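Descriptive analysis of the structure
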Amino acid sequence: MRVPLPTGKQMSSTHTPRLSSAALARLPAGIAVPAYDRAATRIGIVHFGPGAFHRAHQAVYLDDLLALDPAWAISAVSLHSASVRDALAPQDGLYTLVLLGEQPALRVVGSIREVLCAPQQREAVAARLADPDVRLVTLTITEKGYCLSADGVDAAHPDIAHDLANPQAPVSAIGWLVEGLRLRRARGLPAYTVLSCDNLADNGGRLRRAVFDYAGRVDAELAEWIAREVAFPRSMVDSITPATDDGVRAQVQSALGVADAWPVQREPYTQWVVEDDFRNGRPPLERAGVVMSGDIAGYDRAKLRLLNAPHSALAYLGSLMELESVAEAMRDPVLAGFVERLMRQDIVPSLQRPEGFDPEAYVGAILARFRNPAIRHLLAQIAWDGSQKIPVRLLGTIADALAAGRPIDRLCLPVAGWLQFVRRQAARDVAIVDPLAETLAQIGKACTGDVARDVNAFLALDGVFGTLAGDARFAAVLGEAYAALDPATPEAVRLALAAA
Ligand code: CS2
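Everything quoted here is computed from the prediction, not taken from an experiment.

1. Let's talk about the pairing of strand β8 (residues 235-238)
Of the two faces of β8, the one holding Ser235 and Val237 and the one holding Met236 and Asp238 are both buried throughout. One ladder, built from four bridges, connects β8 with strand β10 (residues 271-275); its direction is antiparallel. What sits directly across from serine 235, in β10, is valine 274.

2. Overview of the pattern of salt bridges
Scanning all chains against the criterion turns up 32 salt bridges. One salt bridge connects aspartate 213 with arginine 217, and the closest N-O pair in it is separated by 3.0 Å. Linking aspartate 213 with arginine 217, this pair stays in helix α9 (residues 203-218), spanning four residues, or about one helical turn. Notably, a salt bridge pairs arginine 344 with glutamate 340, separated by 2.7 Å at the nearest N-O pair. Highlighted residues: arginine 344 and glutamate 340, both in helix α14 (residues 333-347), separated by four residues, approximately one helical turn.

3. Section: the environment of glutamate 360
With respect to the helices, strands and loops of the structure, glutamate 360 is situated in helix α15 (residues 359-371). Along the sequence, glutamate 360 and alanine 496 sit 136 residues apart, while their C-alpha atoms lie 26 Å from each other. In this structure the side chain of glutamate 360 is engaged in a polar contact, spanning 3.1 Å, whose partner is the side chain of arginine 344.

4. Brief notes about the site of the ligand
The full set of residues close to the ligand is Asn199, Asp238, Ser239, Ile240, Lys303, Leu307, Asn308, His311, His377, Ile382, Lys389 and Arg393. In the model, an oxygen atom of the ligand is placed 2.6 Å from a nitrogen or oxygen of the aspartate 238 side chain. In the complex, 89% of the free accessible area of the ligand, which totals 340 Å², lies under the protein chains. Sorting the residues of the shell around the ligand by element identifies α12 (297-320) and α17 (386-404) as the ones contributing at least two each. Examining the composition of the shell around the ligand, we find that four residues originate from one element, α12, more than from any other. By residue class, the composition of the shell around the ligand is three nonpolar, five polar and four charged. When residues of the shell around the ligand are assigned to domains, at least three map to each of domain 1 (8-294) and domain 2 (297-498).

5. Quick look at the nonpolar core
One finds Leu306, Ile398, Trp418 and Phe474 to be the most contacted residues of the largest nonpolar core, which totals 74 residues. No other element matches the 10 residues that α12 contributes to this core. Residue contributions to this core reach at least three from each of two domains, namely domain 1 (8-294) and domain 2 (297-498). Ignoring any residue separated from it by four or fewer positions in sequence, one finds isoleucine 398 in contact with Ile408, Leu411, Cys412, Val415, Leu468 and Phe474. Residues Ala73, Ala173, Leu177 and Phe232 belong to the second largest nonpolar core, which totals 46 residues.

How each quantity is defined
- Numbering of residues starts from 1 in every chain and runs along the sequence as written.
- Under the rules for a predicted model, residues below a pLDDT of 70 receive no local features and side-chain atom pairs below 80 are neither given nor counted, while totals for whole chains, interfaces and linings still include all residues.
- Excluded from the side-chain calculations are hydrogens and water; all other atoms, namely the structure's heavy atoms, are used.
- The rule is simple: take the accessible area with a 1.4 Å probe, protein chains only, and divide by the maximum for that residue type; under 20% is buried, over 50% is exposed, in between is partly exposed.
- Here a helix means four or more residues in a row that DSSP labels H or I, a strand means two or more in a row labelled E, and each is numbered from the N terminus.
- Here, a strand pair is defined by DSSP locating no fewer than two bridges between the strands.
- When a carboxyl oxygen of Asp or Glu lies within 4 Å of a side-chain nitrogen of Lys or Arg, that pair is called a salt bridge.
- As used in this structure description, the phrase polar contact means that two N or O atoms lie within 3.5 Å; if the pair is within protein, one of them must be able to donate a hydrogen and the other to accept it, and residues adjacent in sequence are counted only when both atoms belong to side chains.
- Any residue with a non-hydrogen atom lying within 4 Å of a molecule or strand is treated as near it.
- Here the accessible surface of atoms and residues is derived via Shrake-Rupley with a 1.4 Å probe, and residues count as covered only by protein chains that are part of the display.
- Any residue that is not Ala, Val, Leu, Ile, Met, Phe, Trp, Tyr, Cys, Pro, Asp, Glu, Lys or Arg is counted as polar, Gly included; the first ten are nonpolar and the last four charged.
- An automatic or database domain assignment is the source of the domain bounds shown.
- Side-chain atoms within 4.5 Å are what join buried Ala, Val, Leu, Ile, Met, Phe, Trp, Tyr and Cys residues into a set we call a nonpolar core.
- Any two residues having at least one pair of non-hydrogen atoms within 4.5 Å are treated as being in contact.

The following block contains the structure:
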């Protein structure tokens, strides 16, 4: 999530000294700092997409790991904006993590040794990708950053079209991954492993297909080399990370006595499950609490379906009910009751169960996390990018339920909630944050309440509903849910949810 931030310059004009390597020794007791000599670490990982999630999750695991093995510091590369680099470079890559437990705990994270902005520092990024010390490239670029089509890469996506025409001056993550691999092959270096840390079902498999597809269009021999040499392990990531706001920045400054331009915050709970499929070595991630697994499909599905889908349900239905945050939505008995039924009765039956997985305990823990009163996680943040999130979070469960002959009535309500949310934002002229924002605004504005007409306009969206777009049963139940939520006032939504 990109939030406007004070730039380095603006921060220094406050005259409060800045967080930096030099400031570390003077921080008050009680603030955890890197437990290793940062100068003695080496960059072994290039990470694309150093947003709040990466910095609150993966970079913290690596911060623990660097105390045990200095070979895995991070070069953090933004693909578009310079805001992370401008905030963190003057701080020597350091930033604060606020853990939102009963008592907030603060920790300065040191695993990011270098911060680059790809469009402005092309050579430095290429040099890192071709650095023999770098053996792993990780990504958190969100669903839309993958530019995926059903079975590969979306060649019509403007960034991919650009890269196909200029493969040695890429702008997309896929373009950079392939250019880095080309450089390594040309220099006789072993390939790096590519690890997606995004919330996508089968993230590694989908990324592998996108990379092969793209590489095949650029250079067939390179594509063959990639097929032979590059591993794309799957992973599941989990930790609730509300966007940084001025309150966190002020809290950090007062606790540290120095200014941090971009601290991050997250719940204490964190999980990272990684498929153990690496070439050319890997960080000893298990020593930092990462679960290394032979098959992560079960974890992956449980997390997307049981945590993210309810999150999206809360986001759309809760926004229509004029609620603001997840904890507030969970205090509404009608909405919370609906979401619990959705999880237990509709989603749990669709899961493959990884060994030792106890769905009841998992559901209970997620509900408790959603209720955490120390976290103000805005529904508006979760509502972003619905066209990318709805398919991976909800539509798979619906397709499975249809195939197994289970009802889909409740499952269609959050999807209908998204449709009504889009319609309401468009009617209010509020911008929708989504790669399909323009199309969605047009569809939303054209909605009249004629159920079949409105729903069909959404079903025709390119690449969102997949095979469900042509499924008459799905269209009918989605239409009923859409009608039940109409007019999408808090009262109408409450009535519909109470009855579901
Ligand atoms: C959320 C996720 O913003 C969203 O869409 O559902 O970011 C969620 O908080 C994380 O996946 C939790 O691991």
